[in-house]
Amino acid sequence: MDVNGKRTDTTVLVVDDAAASRYAMSAVLRRAGHQVVPVASGSEALVELDVRLRKGTLPDVALIDVELPDMSGFELCRRLKARPHMAGLPVVHFSAAAVDAGDRCRGLDVGGEAYLTVPAEPEEIDAVVRAAVRAARLRAGDQALARRLTRLAETVVAIQTARSPQELADAAADGAARLTGSPAAVFVLGPDDELYRGTSRDRTSLAMPDEGAHRAVAGLLRRLTRGQSGVQITTVPAPLWPAGFFRPGVQHDARLALIPIQEGRASVCLATPTRGVRRVNPEDEALLARLAEAAALAAEPLLMYQVERHVALTLQHSFLPQPHRLPELPGVDVVVRYVPASAETEIGGDFYAALRTGEGVLTAVGDVVGHSLEAATVMVEIRHALRAYSVEESDPAVLAERLDRMLQRYHPGITTTVCLVLVDPATGRTRIANAGHIPPLIIRDNGGADYSKAAGPLLGVGLPHPPPTELFLEPTDRLLMVTDGLIETRGTDLAVSMEHLRAAATGALPGLDALCDTLLDCFGRDREDDIALLALRLG
């Protein structure tokens, strides 16, 4: 209790080599309601502080005599302030002898908060000690708030740069754990009830206990956000929450920060346990609410993109013929491969086609410029237009001109690269029209490989297309057509990547399947764009 009968939680370290003075100072402080830890030298003080630091019971203030036997009070203060975990400990110097202005300035220069001239009135000693403690606590509170705001800002940046709902959930969970000092989980519930779950890295990694737990969490989030707007903070009792979710074998109440998005069809939830760990304080709850809002703002476009990506993939998978469904192509063997971009990247407009015409076999590989649902839609239209045009026309240059006019009329501003190859199986005569695409690579049986000289402008820009480039395929030759998603790498010149492709193709085993598989093994991992390959040879 203090002098007014109120309890105090202030502990004062008194450092004074004079026993009588040390006793008197301690008595004054105890009567004022402080707990006192008396020591007789600077070295004793350092040992005492090290012990208390390990126990987590550092004093609130150090009252240090300037004239100590082993080091000056100024030196002791300097050493304390140099230690990271003790730098915030306020120091009050006192002396009965060193009382001039220079001594006071020296005490402040080494980091002391105040300077007492003794003897002094008990009220003055108490007031100086309390003022030093109060200033230190305010300073520590400001520093802690600054650290939390910095962590919040860092987490918001990580959330805003997430490329998928899963990345967002992981980033938000780590940020929530750093803000609260507790394990944390974040759920992003999509409009289709798909649940993305992120957990903080300091928590033992556990899978959702079972599918029933997944449904329970999704149902709980839907109920809690129904009819709500804005962030709400609520506690979910342990029986409603999956057991062992935060700690193995332990069931916790969970403190949730929830916010509905997409008019209640989706939501974001930040969850921290409320048993067995420090409870979340009001300031942390306010920061969690801001974090939940930031996560919801970032999650909405990602969830919308997930829907768009699903539609685009459905379009591509529906309209690109599967290898086992390619039409019969007498006299020509054809193998195709198609690999969508990774889940974190946007869908593109890559396509391939293999058709019978009046003059032979027409193959095509192309890429609608851009990454969106629109690119996938235009891809489908180009494939249909090519099929329609090739019923009466086989010349690849004429087909390129018609596709160019179609794009200009119905999709102004959209451009496409495409390579069209017409092969006569009987003679091996091959005509190539290339509209801004990687030219076909001809792999010879003798181990050589060369790109054809075919070149021309993109489709959709209205420039005239040159006549087809003509060459003859031998029965042992393989002709390879690819989209740039296979080899294009940021920071690497495309010509260099094409040379790497040629080297890999010449080293592939014989056969069309072996060629395609080798190239996908070499280049096709974790690509940022779709990949389409088509390989053919005379049958």
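Everything below is about the structure shown above.
Here we summarise the structure given alongside this text. (Residues numbered from 1 in each chain as written. Predicted model: local features only at pLDDT ≥ 70, side-chain atom pairs only at ≥ 80, totals over all residues. Heavy atoms only, no water.)

1. Concerning the overall build of the protein
Link 1 in the chain: When you go through the protein residue by residue, the secondary structure sums to 12 helices and 20 strands.
Link 2 in the chain: Expressed as a percentage of the 539 residues in the protein, the buried residues total 51%.
Link 3 in the chain: The contacts in the protein between residues at least 6 apart in sequence include a share of 67% that link residues at least 24 apart.
Link 4 in the chain: On the protein, roughly 25,000 Å² of surface is accessible, and the fraction owed to carbon and sulfur atoms is 52%. (Helix = DSSP H or I, 4+ residues; strand = E, 2+ residues; numbered from the N terminus. Buried < 20%, exposed > 50% of the residue type's maximum accessible area, 1.4 Å probe, protein only. Contact = heavy atoms within 4.5 Å. Areas by Shrake-Rupley, 256 points an atom, 1.4 Å probe, with all protein chains shown as cover.)

2. Here's the deal with the pattern of salt bridges
Link 1 in the chain: Within this structure, the stated rule accounts for 18 salt bridges.
Link 2 in the chain: Close ionic contact of Glu 75 with Arg 79 constitutes a salt bridge, the shortest N to O distance being 3.0 Å. Of the two residues, Glu 75 and Arg 79 are both situated in helix H3 (residues 73-82); the distance of four residues between them amounts to about one turn of the helix.
Link 3 in the chain: Glu 75 gets classed as partly exposed once you look at its relative accessible area, which sits at 22%.
Link 4 in the chain: Given a relative accessible area of 34%, Arg 79 falls into the partly exposed group.
Link 5 in the chain: Measuring nitrogen to oxygen at the nearest pair gives 3.1 Å for the salt bridge that ties Glu 470 to Arg 429. (Salt bridge = Lys/Arg side-chain N within 4 Å of Asp/Glu carboxyl O.)

3. A short note on the sheet that holds strand E11 (residues 332-339)
Note: strands within a sheet are paired through backbone hydrogen bonds, in either parallel or antiparallel orientation.
Link 1 in the chain: Ordered by their spatial adjacency, five strands build an open sheet running E11-E20-E19-E16-E17, and the pairing between neighbours is antiparallel. Each edge of the open sheet is held by one strand with a lone partner, namely E11 and strand E17 (449-451). On average, each strand axis in the sheet is tilted by 20° relative to the strand beside it, whichever way the strands run.
Link 2 in the chain: Against the sheet, helix H11 (residues 494-506) touches strand E16 (441-443), E17 and strand E19 (478-482), its axis set at about 145° to E17.
Link 3 in the chain: Packing against the sheet, helix H12 (residues 512-523) makes contact with E11, E16, E19 and strand E20 (531-538), and its axis sits at approximately 20° to E11. (Pairing = 2+ DSSP bridges. Axes fitted to C-alpha atoms, helices over the stretch in contact; angles between N-to-C directions.)

4. As for the packing of aromatic side chains
Link 1 in the chain: Counted under the stated rule, the structure contains zero aromatic pairs.
Link 2 in the chain: Sitting over the face of the ring of Tyr 389, Arg 402 holds its NZ or CZ atom 6.0 Å from the ring centroid. (Phe/Tyr/Trp six-rings, centres within 6.5 Å; stacked < 30°, edge-to-face > 60°. Lys NZ or Arg CZ within 6 Å of the ring centre and 35° of its normal.)

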